[in-house]
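# Overview (structure and organization)
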Amino acid sequence: QDQLSRRDRAVLRAVAGGRCEQSTEIGAPLLVDGVYCSDQLVGLRLTSAGFIVTGTGPRTVTITDRGRAVLEAA
């Protein structure tokens, strides 16, 4: 079972809800509802774990099937 923090799950739900985008700044942090996420590495963690995909379009962030499965199992 994949272990995610509450923050990771909240960001994953925001991605699933279409509320996230990828910043164009160096390091490409995530924005949630237009505001920079305070955890600058959450996007990297979720991408590395295969839960989200970034950069499929201009500033887009998409949840993967694996990410949806993790949310549904919670």
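Residues numbered from 1 in each chain as written. Predicted model: local features only at pLDDT ≥ 70, side-chain atom pairs only at ≥ 80, totals over all residues. Heavy atoms only, no water.

### Here we look at the overall build of the chain
Selection rule: Here a strand is any run of E in DSSP of at least two residues, a helix any run of H or I of at least four, and the numbering for each starts at the N terminus. Just to be clear, the radius of gyration here is over C-alpha atoms, and the globule rule we use is 2.2 Å times residues to the power 0.38. To sort residues, take the accessible area from a 1.4 Å probe on protein chains only and compare it with the maximum for the residue type: under 20% means buried, over 50% means exposed, and anything in between is partly exposed. Accessible areas in this description were obtained via Shrake-Rupley with a 1.4 Å probe; residue shielding takes into account the shown protein chains only.
In terms of helices and strands, the chain carries three helices and five strands. In terms of overall dimensions, the chain is globule-like: its C-alpha atoms have a radius of gyration of 11 Å, near the 11 Å expected for 74 residues. For the chain, buried positions account for 36% of its 74 residues. Accessible area of the chain: about 4700 Å², with a carbon and sulfur share of 50%.

### What to know about the packing of helix H1 (residues 6-16) against helix H3 (residues 65-73)
As a reminder, the rule being used: All axes here are fitted lines through C-alpha atoms, helices being fitted over the stretch that makes contact, and every angle between N-to-C directions spans 0 to 180 degrees. Oblique is the label for any angle not under 35 degrees, not over 145, and not in the 65 to 115 range, which are roughly parallel, roughly antiparallel and roughly perpendicular in turn. Left-handed is the label given to a crossing in which the near helix is rotated counterclockwise from the far helix by less than a right angle, and right-handed is the label when the rotation is clockwise. Only heavy atoms enter the contact rule, under which two residues are in contact if any of them lie within 4.5 Å. Amino acids are sorted into nonpolar (Ala, Val, Leu, Ile, Met, Phe, Trp, Tyr, Cys and Pro), charged (Asp, Glu, Lys and Arg) and polar (every other residue, Gly among them).
The contact between H1 and H3 brings their axes to 10 Å, and the two run at 120°. Here H1 is positioned oblique relative to H3, judged by the angle of their axes. Here H1 and H3 pass one another in a crossing that is left-handed. The residues of H3 that touch H1, namely those facing Arg9, Leu12, Arg13 and Ala16, are Gly67, Arg68, Val70 and Leu71. Grouping the constituent residues of the contact of H1 with H3 by class yields four nonpolar, one polar and three charged.

### Quick look at the environment of Asp33
Filter applied, for reference: Think of a polar contact as two N or O atoms within 3.5 Å of one another; within protein, one of them needs to be a possible hydrogen donor and the other a possible acceptor, and neighboring residues in sequence only count if both atoms come from side chains.
Residue placement: Asp33 occurs in the loop between strand E2 (30-32) and strand E3 (35-36). Distance in space between the C-alpha atoms of Asp33 and Arg19 is 5.4 Å, their sequence separation being 14 residues. Within the structure, the side chain of Asp33 is placed 2.7 Å from the side chain of Arg19, a separation counted as a polar contact.

### Here we look at the side chain of Ser23
Within the fold, Ser23 resides in the loop between strand E1 (20-22) and E2. Given the relative accessible area of 7%, Ser23 is considered buried. Side-chain polar atoms of Ser23 contact the side chain of Tyr36, separated by 3.4 Å. Among residues more than four places away in sequence, those in contact with Ser23 are Ala28, Pro29, Leu31 and Tyr36.

### Considering the pattern of salt bridges
For the record, the criterion: Salt bridge, as applied in this entry: a Lys or Arg side-chain nitrogen positioned within 4 Å of an Asp or Glu carboxyl oxygen.
What the rule picks out here adds up to five salt bridges. A salt bridge links Arg7 to Asp39; the nearest nitrogen and oxygen atoms lie 3.4 Å apart. Linking Arg7 in helix H1 with Asp39 in the loop between E3 and helix H2 (42-48), this pair joins segments that are 32 residues apart in sequence. Between Asp8 and Arg45 there is a salt bridge, with its nearest N and O atoms 2.6 Å apart. Separated by 37 residues along the polypeptide, Asp8 in helix H1 and Arg45 in helix H2 bring together distant segments of the chain. The exposure class of Arg45 is partly exposed, given its relative accessible area of 35%. Three or more residues joined by partner-sharing salt bridges are found here, namely Arg7, Asp8, Asp39 and Arg45.

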